[in-house]
Amino acid sequence: MVSGGASGGAEQRLSGVDLRLGYHGTQVVHGATIALRPGAVTALVGPNGSGKSTLLRALARLHPIGGGAVHFADGTAAAGLPAKEFARRVTLLAQSRPVPSGVTVRDVVGYGRHPYRGRWRADDPDGPAAVARAMEVTGVTAMADRPVDELSGGELQRVWLATCLAQDTPVLLLDEPTTFLDLRYQVEILDLMRDLADEHDVAVGVVLHDLNQAAAVADEVVLLHGGRVRATGTPAEVFTEPDLTETYGIRIEVAVDPLSGLVTTRPVGRHLARVAL
């Protein structure tokens, strides 16, 4: 994993400023600004269609920018970097990827080392250790020799995460990483995000649908609504009943867990409201 100095602070490792993004001439993200800081987890939340994944993909240079800019802390524009240099700084775990046929887990995780390789794998002396470490922390070592097209959805999700970790970048972007995972691995992925931020100074940006997961793992939350940033701040600052209720179009109650001190949210449907009476 990436190591570094003290985490947090005002430094912005990767920033998107006044980003305007669209599809086929229709703008779907309107002037969004986001900053990912070393040693911090930033969660993007909001209803479907609010622009979360589009914004994350723009930070990863996988979605064209119609306006604004993405740059690093040293002022370098992301758009101006050669592909391999950018890939040594930023990696993205996308929602879905094509599954190669007949390729083992070890080889797929090894794909994450592509920014460090020339023509021959010998050009990457740190590669085998990075691959082994990535498989270990994601719990896929035991399946290293299995073909990935024989894995379950949850197993495959962990393999793709291991591929990203093997890339060993100071910025890690995750688009709904707990999808397809059972409860145990959801918790372990959230723990891993915190470990990467706290122990390795990685700047983590993650799209999450579960507000309670976001409150548990994130230092900062970006709440999107209709392609605009409605609020940015700590979970306690952003997760207010009026903002969440209006954003999601359903009553959402907010409380603080007396044991953990974490903000918790509870959407209230018709039947839950009846039980509460």
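Keep in mind it's a predicted model, so treat the numbers as computed, not measured.

What counts and what doesn't
- Residues numbered from 1 in each chain as written.
- Predicted model: local features only at pLDDT ≥ 70, side-chain atom pairs only at ≥ 80, totals over all residues.
- Heavy atoms only, no water.
- Salt bridge = Lys/Arg side-chain N within 4 Å of Asp/Glu carboxyl O.
- Buried < 20%, exposed > 50% of the residue type's maximum accessible area, 1.4 Å probe, protein only.
- Helix = DSSP H or I, 4+ residues; strand = E, 2+ residues; numbered from the N terminus.
- Contact = heavy atoms within 4.5 Å.
- Phe/Tyr/Trp six-rings, centres within 6.5 Å; stacked < 30°, edge-to-face > 60°.
- Lys NZ or Arg CZ within 6 Å of the ring centre and 35° of its normal.
- Pairing = 2+ DSSP bridges.
- Axes fitted to C-alpha atoms, helices over the stretch in contact; angles between N-to-C directions.

Enquirer: Tell me about the pattern of salt bridges, residues and numbers included.
Expert: For the structure on display, the rule yields 16 salt bridges. Taking the shortest distance from any N to any O, the salt bridge between Asp 18 and Arg 20 comes out at 2.6 Å. Look at Arg 20 and you get partly exposed, because its relative accessible area is 31%. Asp 124 is the partner of Arg 113 in a salt bridge, and the nearest nitrogen-oxygen pair spans 2.9 Å. Separated by eleven residues along the polypeptide, Arg 113 in the loop between α3 (105–110) and α4 (127–138) and Asp 124 in the loop between α3 and α4 bring together distant segments of the chain. What emerges from the salt-bridge pattern is a single network uniting Asp 74, Glu 85 and Arg 89.

Enquirer: Go over the side chain of Gln 213 with me, naming the residues and quoting the values.
Expert: Structurally, Gln 213 can be placed in helix α7 (residues 211–217). Overall, the relative accessible area of 11% leaves Gln 213 in the buried class. Discounting chain neighbours no more than four positions away, the residues touching Gln 213 are Thr 178, Gln 186, Leu 190 and Leu 208.

Enquirer: I'd love a proper account of the packing of aromatic side chains, names of residues and values included.
Expert: All told, the structure shown has one aromatic pair when counted by the stated rule. Aromatic side chains Phe 72 and Phe 86 sit 6.1 Å apart centroid to centroid with 65 degrees between the ring planes, which places their arrangement in the edge-to-face category. Pair noted here: Phe 72 is in strand β4 (residues 67–72) and Phe 86 is in helix α2 (residues 83–87), with a separation of 14 residues, a long-range link. The aromatic ring of Phe 72 is capped on one face by Arg 89, whose charged end is 4.6 Å from the ring centroid. In this structure, Arg 158 packs its charged tip against the face of Tyr 185, placed 3.6 Å from the ring centre.

Enquirer: Let's hear about the sheet that holds strand β1 (residues 14–23): which residues, and what values?
Expert: The three strands are arranged β2-β1-β4 in an open sheet whose pairing can be described as antiparallel. Of all the strands in the sheet, just β2 (26–36) and β4 have a single pairing partner and so form its edges. Here the average twist between neighbouring strands, direction ignored, is 25 degrees. Pairing between β1 and β4: five bridges, direction antiparallel. Residue pairing for β4: Val 17 is matched across the bridge by Ala 69. Contacts between helix α1 (residues 52–59) and the sheet are confined to β1, β2 and β4, with β1 contributing the most and set at about 120 degrees to the helix.

Enquirer: Give me the lowdown on the sheet that holds strand β9 (residues 228–233), citing residues and values where you can.
Expert: Read from one edge to the other, the open sheet built from six strands follows the order β5-β6-β7-β3-β8-β9, with strand pairing classed as mixed. Lying at the two open borders of the sheet, with one neighbouring strand each, are β5 (90–93) and β9. Pairwise comparison of adjacent strand axes, ignoring direction, gives a mean angle of 15 degrees for this sheet. With five bridges joining them, strand β6 (residues 171–175) and strand β7 (residues 203–207) adopt parallel strand pairing. Bridged to Leu 174 within β7 is Val 206. The sheet strands contacting helix α6 (residues 183–200) are β3 (41–45), β6 and β7, and the helix crosses β3 at an angle near 140 degrees.

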